[in-house]
Amino acid sequence: MQTSNEPLVIALPKGRILDEVMPLIRRAGIEPEPAFDDPGSRLLRFATNHPHISIVRVRSFDVATFVAFGAAQIGVAGNDVLLEFDYAEVYAPLDLGIGRCRLMVAEPAELRRTDDPGRWSHVRVATKYPGVTQRYFAARGVQAECIKLNGAMELAPSLGLCRRIVDLVSTGATLKANGLVEVETIAHVTSRLVVNRAALKTRPAEVGGWIRRFQEVLDAA
Amino acid sequence: MTEYSNKGLLPAGLRDGLPPQAEWEARVTERLLEGFARHGYQRVKPPLIEFEETLLAASGAPLASQMFRLMDPISQRMMGVRPDITLQVARIAETRLKDQPRPLRLSYAGQVLRVRGSQLRPERQFAQAGIELIGVATLAADLEAVLLAAVALVELGVPNPSIDLTQPMLVPALCRGLGFDAARAEAARTALDHKDAASLAAVAGEAAPLLLGLLAAAGPASPVMAVLKGLALPPEARAMVAELGRLVEEVQAAAPDLALTVDAGEYRGFEYHTGISFTLFARGVRGELGRGGRYLSGGEEPATGLTLYLDSLLRALPAPEAPRLVFLPAGTPRAAGRKLRAAGHRTLQGLDPVADVRAEARRLACSHMFRDGEIEEVDRK
């Protein structure tokens, strides 16, 4: 693969997805320095076995932002995040098939028994995804008033903040535990390999080479 | 005075150009226009504001949501502040210059204003400079625009420039060839714009191998053209690929050192283009430096254009060297100052006598000072 000495930064999401991403990264031949796996390490940027490649670990929403602005050339982000921001500068050429879940509209089970979503003209929704939520509801002729929360959306209905939420659901256990049921699916979510548009255009052999390398890793699995 | 006016807070996306950036932008703009003039492009200067309906006529519609509007108190008609200059030049070509021989070559530079900045360019006001080659829809015209862009970037000294060619009509033609309805075609186009393989595969159905092949057809020009020619495209799309291939060969022959890439699936941002288009990048610079391509001027006459965005262009250029500035202490003979300026120096006239000329020159950020008929260097630190 043609490489240059120009720095290449890979942005990875912190948390649950990282455990699923790292085997792919390693199989593609990128091995971060030992501090990467040390929970006590305060480092934010990690060197790898490739002298010009480094890895940064950031919040999943920030991966898309780092890649959109070219601060990182390559990243891994769920399409929930990509849908929310709709960055023109982010390409998502590979579906990594990990981090599977759904972006759902949910409401209390009790409300669901009498509710008819077809009659909605206005909904108030607690969500981490105001952009997607607004566009989704607008497309079906419903005005969505979004209350932006950064976590624990499931609490909102029981405490009377609003009756409905839009959130990621993987097993549905959290919903159930909070007395909520699924109403509609907005999107099926998986993690994608994302690349910065200008980086792909100006370093096509190198960035394109990494996309192909990850494709090979996926094909081999 | 209010708190805001005291501190000079500006509305979002607007900024003051200060020294030395303001002069630098103007100089780069002039150099671009001189380069265009050397290729026979004549400058036009459309107004900042004109009637809304003329700005939005024909190909202007996609910019409607980006236009500031104000009411003309005289005609009582709605006016718009230009969000782009291309369409104004097209209007000039089809009205006042309609009897000029074709092809008509025009250049322009100016500020544009948009309601919202983009994610990468939060500025609502920025400068554009460009050319329009009006009255022809041939490969030779496309080639001229692409080469002019390349020459402009090289002459300005942009490090590692590259040009990305695309054919925005290809995806719509392909969708027509595959019999997609409008909604499905749009979904396919959106997925291709994001190079979103998963969504594309879901939309494409049986045509997935073909569309995914198109998605992968992005990168260095020669291998990508080989991939494109190998795809089982419907006839209309195949003809477009063949034309793109001819342009790639001609550009490579004319500018063998140019980094040329091809991205066959790109559509976003080229909504009003009708043929081969291109985007200018520089390695390590976020966003585009400019773009161009074929469109219909006034909805009828074919044209090819090129627009450079001065803000991104300046980000791509190495910082300018501070110009030499010679401090003339008060009392320096006028003739001496004239002679220095005639020789190309910039001078700064001291107005009052000072004890320490060197310190005064340094305080006023002069690189040199004039003493005893000689120019002496001033250590700026």
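All values derive from a computational prediction rather than experimental measurement.

Observations regarding the domain arrangement of chain B
Residue and element names in this part refer to chain B.
- The assigned domain composition of chain B is domain 1 (17-156 + 266-321), domain 2 (169-263) and domain 3 (325-377).
- A straight line from the C-alpha centre of domain 1 to that of domain 2 covers 26 Å.
- Between domain 1 and domain 2, the residue contacts involve 14 residues of the former and 15 residues of the latter.
- The junction of domain 1 with domain 2 conceals about 1400 Å² of combined surface from both sides, 68% of it contributed by carbon and sulfur atoms.
- For domain 1, the biggest contributors to the area lost against domain 2 are Leu139, Glu266 and Tyr267; these three give 41% of the whole.
- The interface formed by domain 1 and domain 2 holds one salt bridge in total.
- Linking Glu243 and Arg294 is a salt bridge whose minimum nitrogen-to-oxygen distance equals 3.3 Å.
- Where domain 1 touches domain 2, the interface holds four residue pairs in polar contact (both at pLDDT 80 or more).
- Elements represented by at least two residues in the side of domain 1 that touches domain 2 include exactly α5 (139-156) and β10 (273-282).
- Considering every element that reaches the side of domain 1 that touches domain 2, the biggest residue donor is α5, with six residues.
- Of the residues assigned to the side of domain 1 that touches domain 2, the class counts are seven nonpolar, three polar and four charged.

With respect to the domain arrangement of chain A
Residue and element names in this part refer to chain A.
- We note that the domain assignment places domain 1 (8-99 + 190-220) and domain 2 (101-189) within chain A.
- A C-alpha centroid distance of 29 Å is found between domain 1 and domain 2.
- Domain 1 puts nine residues into the contact, and the matching count from domain 2 is 11 residues.
- Among the residues of domain 1 in contact with domain 2, Asp80, Leu83 and Glu84 are the three that bury the most area, contributing 55% of the side total.
- If you look at where domain 1 meets domain 2, you find zero salt bridges.
- Inspection of the domain 1/domain 2 interface yields seven residue pairs in polar contact (both at pLDDT 80 or more).

Concerning the sheet that holds strand β5 (residues 104-113) of chain B
All names here are of chain B.
- With mixed pairing, nine strands are arranged side by side in an open sheet as β1-β5-β6-β12-β11-β10-β7-β9-β8. Edge positions in the sheet fall to β1 (42-43) and β8 (218-220), since each has one partner strand and no second.
- Bridge count for β10 against strand β11 (residues 290-297) is five bridges, and the pairing is antiparallel. The residue of β11 that forms the bridge with Leu280 is Gly290.
- In the packing of α5 onto the sheet, contacts are made with β5, β6 (125-134), β7 (161-166), β10, β11 and β12 (301-309), and the angle to β12 comes to roughly 10°.

Points about the pairing of strand β8 (residues 143-148) of chain A
Residue and element names in this part refer to chain A.
- Pairing of strand β7 (residues 122-127) with β8 involves six bridges; the strand directions are parallel. The residue of β8 that forms the bridge with Val125 is Cys146.
- Tracing the backbone out of β7, into helix α5 (residues 130-139) and back to the parallel element β8 gives a crossover that is right-handed.

Rules used throughout
- Residues numbered from 1 in each chain as written.
- Chains lettered and ligands numbered in written order.
- Predicted model: local features only at pLDDT ≥ 70, side-chain atom pairs only at ≥ 80, totals over all residues.
- Heavy atoms only, no water.
- Domains from an automatic or database assignment.
- Contact = heavy atoms within 4.5 Å.
- Buried area = accessible area lost by both parts, 1.4 Å probe.
- Salt bridge = Lys/Arg side-chain N within 4 Å of Asp/Glu carboxyl O.
- Polar contact = N/O pair within 3.5 Å; in protein donor to acceptor, adjacent residues only side chain to side chain.
- Helix = DSSP H or I, 4+ residues; strand = E, 2+ residues; numbered from the N terminus.
- Nonpolar A, V, L, I, M, F, W, Y, C, P; charged D, E, K, R; others polar.
- Pairing = 2+ DSSP bridges.
- Axes fitted to C-alpha atoms, helices over the stretch in contact; angles between N-to-C directions.
- Right-handed = clockwise from strand over helix to strand, strands pointing away.

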